[in-house]
Amino acid sequence: MKRLFTLFFLALMATQVMAQEAEKDTTYWLKEIGGGLNFNQGSFSSNWKGGGVNSIAIGTYLNGRANYKKDKWSWDNTMDFIYGIVKNQGEDGRKANDRIFLDSKVGYAIGPKWNMFFSANFLSQFAAGYEFNDDGTRTLISKFANPAYLTTALGFEYKPNDEFSLRLSPLSPRFTFVTDKDLYLNVPENYGVPIGQTVRKEWAAFSLLADWNKKLSENVSLLVRYQMYANYETLAFDTIDHRLDVGLNAKVSNLINVSLTTLTIYDIDQDDKIQFSQGLALGIAFQRSTFPKE
């Protein structure tokens, strides 16, 4: 619960920073920030015949980007934070969503729609994750920085507008962190990190990142982000990592927001099958934007 309030507090602070920066010269900046707090609840009387369980779910999210462009140089920054918990009657609280994504990229234009770029992004989660057993016990399988991924990339970017970008990097070192050296006892694969070590270094690799941040209408926005990572040393069809994030936000009123998020992952170091999660929420939301001056 503390993490929820911490993240929402960060959202409010970020809004204040954006408001202060908006008073300065924003000629070269495009800045957007949005967030929300969602609450879902369900309850049933003791004689309810339709079946069901009392439950409470709380979630929060914070998304933002700050993109700078002047002459041939550009600097794009993105953050994507999501955290949510659900509590069913008779069960311990469980995570419904948990994501930390930070990305920063410096580009230099070599054509009207093409850049050379260098980037770094960080991917992890806020809280511990558990596998819940049939006997009522739980097994720790992940937590903050367990795992965490720091991916760097040098290559070429296709960016026809402020909504879409495609990065192709033939040189993309990645560092996978598992700081708990005992986690392998519960997760034998240890997320690809050699047992007894805290980091796995992959120097020779190719990466692709496609990002589409589209405002479908005045009150509806869509975010689609696809990431692919292939290690040259272990290159095979089933060793290529894929991750697809999709988020759809609809603003019902000045305060009320509906959001749908999905996450699809294939990573053989985590599981040999595709992983999928989905969340639908209704709650309060805010958004603020500043755009480059004409």
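Note that the coordinates shown come from a computational prediction; the quantities given were computed from them, not determined experimentally.

Draft legend 1. Here's a closer look at the overall build of the protein chain. Counting its secondary structure elements, the protein chain contains one helix and 16 strands. Within the protein chain, the proportion of its 294 residues that are buried is 39%. Long-range contacts, defined here as pairs at least 24 residues apart, represent 55% of the contacts in the protein chain between residues at least 6 apart.

Draft legend 2. Fine view of the packing of aromatic side chains. Using the criterion set out here, one finds nine aromatic pairs in the structure. With a centroid separation of 5.3 Å and 50 degrees between ring planes, the pair formed by tryptophan 114 and tyrosine 158 is classed as tilted. Of this pair, tryptophan 114 sits in strand β5 (residues 114–124) while tyrosine 158 sits in strand β8 (residues 148–158), placing them 44 residues apart in sequence. Here tryptophan 114 falls in the partly exposed class, since its relative accessible area comes to 37%. In this structure tyrosine 158 comes out as partly exposed when scored by relative accessible area, which is 26%. Lying across the ring of tyrosine 130, arginine 138 places its NZ or CZ 3.9 Å from the centre.

Draft legend 3. Representation of the environment of threonine 137 in the model. Looking at where threonine 137 falls in the secondary structure, it is placed in the loop between β6 (129–132) and β7 (138–142). The spatial distance from the C-alpha of threonine 137 to the C-alpha of aspartate 92 is 9.9 Å, given a sequence separation of 45 residues. For threonine 137, the contacting residues outside a window of four places in its chain are Glu131 and Phe132. Among the polar contacts made by the side chain of threonine 137, one reaches the side chain of aspartate 135 at a distance of 2.6 Å.

Draft legend 4. Quick peek at the pairing of strand β3 (residues 73–88). The sheet contact formed by strand β2 (residues 55–70) and β3 spans 16 bridges and is antiparallel. Residue pairing in the sheet places alanine 57 in a bridge with valine 86 of β3. Between the antiparallel neighbours β2 and β3 lie two residues, among them aspartate 71 with a positive phi of about 55 degrees. Two elements, β3 and strand β4 (residues 94–109), share 14 bridges in a ladder whose sense is antiparallel. Bridge pairing in β4 links glycine 84 to asparagine 97. Hairpin connection, β3 to β4: the antiparallel pair is bridged by five residues, and glycine 90 has positive phi, about 85 degrees.

Draft legend 5. Representation of the side chain of threonine 261 in the model. Position of threonine 261 relative to the elements: it lies in strand β15 (residues 256–266). In this structure threonine 261 comes out as buried when scored by relative accessible area, which is 18%. Setting aside residues up to four positions removed in sequence, threonine 261 forms contacts with Ile82, Asn97, Val246, Gly247, Ser277, Gln278 and Gly279.

Draft legend 6. Geometry of the nonpolar core. If you look at the biggest cluster of nonpolar residues, it comprises eight residues: Phe101, Leu123, Tyr149, Val178, Leu183, Val187, Tyr191 and Val193. Within the second largest apolar cluster, five residues are counted, among which are Leu208, Ala210, Met228 and Ile240.

Draft legend 7. The arrangement of the pattern of salt bridges in detail. A complete count under the given rule lists 18 salt bridges for this structure. The salt bridge partner of lysine 159 is aspartate 76, with a shortest N-O separation of 2.5 Å. Separated by 83 residues along the polypeptide, lysine 159 in the loop between β8 and β9 (164–171) and aspartate 76 in strand β3 bring together distant segments of the chain. A salt bridge links arginine 174 to glutamate 202, with the shortest nitrogen-to-oxygen separation between them at 3.2 Å. Remark: glutamate 202 occurs in strand β11 (residues 199–202) and arginine 174 occurs in strand β10 (residues 174–177); sequence separation between them is 28 residues.

Draft legend 8. Expanded view of a nonpolar patch on the surface. Among the surface-exposed residues, Trp73, Trp75, Val106, Tyr108, Ile110, Trp114, Met116 and Phe156 lie close enough to one another that they form a single nonpolar patch of about 790 Å² accessible area. Counting residues per element, the ones that place at least two in the nonpolar patch are β3, β4 and β5. Checked against the element boundaries, tyrosine 108 lands in strand β4.

Draft legend 9. Region of interest: the side chain of glutamine 227. Along the polypeptide, glutamine 227 turns up in strand β13 (residues 220–231). The class for glutamine 227 is buried, based on a relative accessible area of 14%. In this structure glutamine 227 touches Phe101, Asn121, Leu208, Leu209, Asp241, His242, Arg243 and Asp245, once residues within four positions along its chain are discounted.

Thresholds, definitions, all that
Residues numbered from 1 in each chain as written. Predicted model: local features only at pLDDT ≥ 70, side-chain atom pairs only at ≥ 80, totals over all residues. Heavy atoms only, no water. Helix = DSSP H or I, 4+ residues; strand = E, 2+ residues; numbered from the N terminus. Buried < 20%, exposed > 50% of the residue type's maximum accessible area, 1.4 Å probe, protein only. Contact = heavy atoms within 4.5 Å. Phe/Tyr/Trp six-rings, centres within 6.5 Å; stacked < 30°, edge-to-face > 60°. Lys NZ or Arg CZ within 6 Å of the ring centre and 35° of its normal. Polar contact = N/O pair within 3.5 Å; in protein donor to acceptor, adjacent residues only side chain to side chain. Pairing = 2+ DSSP bridges. Core = buried A, V, L, I, M, F, W, Y, C linked by side-chain atoms within 4.5 Å. Salt bridge = Lys/Arg side-chain N within 4 Å of Asp/Glu carboxyl O. Patch = residues over 30% accessible without salt bridge, like charges linked within 9 Å, V, L, I, M, F, W, Y side chains within 5 Å. Areas by Shrake-Rupley, 256 points an atom, 1.4 Å probe, with all protein chains shown as cover.

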